Amino acid sequence: MDSFTVVIIALVFTVLLQLNSYLSDDLKNYICNKFNPYFPPLSAKLKEQTSLIETNNSISAQDNYAQWTKNNRKLDKLKKEISELKENLLQFNRNKISQWNKLTKIGITLPFILFKLWKGKQIVYALPSNKVFPSMINGILNNGFLFLVLGPLNWFRYGHVHHNVLSSDKMVEENVLSFGVSLGIWCWALNTVLSTVEFIVNQLFLKQKEVAPPPSKETTTTAATDQK
């Protein structure tokens, strides 16, 4: 599989995971309500409840006592029915959201992890030589942060820390190893950039500005007294 295809697949997985992370609970509940069998009857009951309340508010309890009492009995009954429907609706949504989270893990997260384990060391951005960066940086770019753990083993094998700690002896001797950025490091860098951009956007545009509380009456009175 060529590097371009590997990058595209990794990019698709990353975008899907990012989109899923942006789905808030309110949005998930809104989507679930579209397929919730309890939502239509609940809406009808709420409309009926609102209508009865408006009717009772528009009539006099003394002049229309019978109708007012009848409406109140209906309202009490509706209150119980609405409470049950809300509980059923929330339970349905919780089950669907739980299923969605499981499907996300099985359909996106787990395959992405397996894909990175399979193609994580494949070079997706080649470097002209191993002299572009220091040996330590080259090792991390080629092997990921695993290099920091397995690097010392290379010292015992070859007498120096080679940039590719998972290479075979023959590859090291013949110097046929490629130099560049592996898929694992590329994915890590992409997620870091996305997280940083998201943080900056939240801080600059989405974070609510803190409004200073108005001065208390006691403080205002004290200030006025000092001025006098």
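For clarity, every value in this text was computed on a predicted model and none was experimentally measured.

Below, the discussion takes up the environment of Leu23. Along the polypeptide, Leu23 turns up in the loop between α1 (3–22) and α2 (25–33). Among residues more than four places away in sequence, those in contact with Leu23 are Lys28 and Trp100.

Turning our attention to the side chain of Asn33. If you trace the backbone, Asn33 turns up in helix α2. Not counting chain neighbours up to four residues away, the residues in contact with Asn33 comprise Phe39, Leu89 and Asn93.

In the numbering used here, UniProt assigns the feature "transmembrane region" (unreviewed entry) to residues 6–23, 136–156 and 176–201. Between the C-alpha atoms that bound residues 6–23 the distance is 26 Å, and the span itself is 94% helix and 0% strand.

Attention now goes to the packing of aromatic side chains. One pass over the structure, following the stated rule, counts three aromatic pairs. Through a chain of ring-to-ring contacts, the aromatic side chains of Phe13, Phe112, Phe115 and Trp118 assemble into a single cluster. Its guanidinium or amino end placed over the ring of Phe112, Lys116 lies 4.6 Å from that ring's centre, counting from NZ or CZ. Just above the ring of Trp118 sits the side chain of Lys119; from NZ or CZ to the centre is 4.5 Å.

In this section: the layout of surface pockets. By volume, the largest pocket is sized at about 250 Å³. What lines the largest pocket is simply Leu23, Lys28, Ile31, Cys32, Phe35, Phe92, Lys96, Ile97, Gln99, Trp100 and Leu103. Of all the elements in the fold, those that place two or more residues in the lining of the largest pocket are α2 and α4 (65–119). Among the elements that line the lining of the largest pocket, the one with the most residues is α4, at six residues. Grouping the amino acids of the lining of the largest pocket by side-chain chemistry returns eight nonpolar, one polar and two charged. Along its surface, the second largest pocket is lined by 13 residues, and Lys116, Leu117, Gly120, Lys121 and Gly184 are the ones closest to its centre. Going through the elements one at a time, α4, α5 (135–143) and α8 (183–206) are the ones with two or more residues in the lining of the second largest pocket.

Once that is clear, we can look at the nonpolar core. Residues Val6, Val7, Ala10, Phe13, Ile108, Phe112, Phe115, Val124, Leu183 and Cys187 constitute the largest nonpolar core, which totals ten residues. Those elements giving two or more residues to this core turn out to be α1, α4 and α8. Looking at this core, the element that brings in the most residues is α1, giving four residues. Residues in contact with Val7, not counting those within four places in the same chain, are Val124 and Trp186. Leu127, Phe147, Phe179 and Val181 belong to the second-largest nonpolar core, a separate cluster that totals seven residues.

Our focus in this paragraph is the packing of α2 against α4. One way to put it is that α2 packs onto α4 with a least axis distance of 10 Å and a crossing angle of 110°. Considering their axes alone, α2 and α4 lie roughly perpendicular with respect to each other. Contacts between α2 and α4 involve Lys28, Asn29, Cys32 and Asn33 from the first element and Leu89, Phe92, Asn93, Lys96, Ile97, Trp100 and Asn101 from the second. Among the residues making up the contact of α2 with α4, the classes are represented as five nonpolar, four polar and two charged.

Calculation criteria
Residues numbered from 1 in each chain as written. Predicted model: local features only at pLDDT ≥ 70, side-chain atom pairs only at ≥ 80, totals over all residues. Heavy atoms only, no water. Helix = DSSP H or I, 4+ residues; strand = E, 2+ residues; numbered from the N terminus. Contact = heavy atoms within 4.5 Å. UniProt positions renumbered as here; feature names shortened; annotations may be inferred. Phe/Tyr/Trp six-rings, centres within 6.5 Å; stacked < 30°, edge-to-face > 60°. Lys NZ or Arg CZ within 6 Å of the ring centre and 35° of its normal. 1 Å grid on protein atoms, 1.4 Å probe; cavity = no way out; pocket = protein on both sides within 12 Å on 5 of 7 lines; lining within 4 Å. Points joined across faces, edges and corners; volume = space filled by probe spheres on them. Nonpolar A, V, L, I, M, F, W, Y, C, P; charged D, E, K, R; others polar. Core = buried A, V, L, I, M, F, W, Y, C linked by side-chain atoms within 4.5 Å. Buried < 20%, exposed > 50% of the residue type's maximum accessible area, 1.4 Å probe, protein only. Axes fitted to C-alpha atoms, helices over the stretch in contact; angles between N-to-C directions. Parallel < 35°, antiparallel > 145°, perpendicular 65-115°, else oblique.

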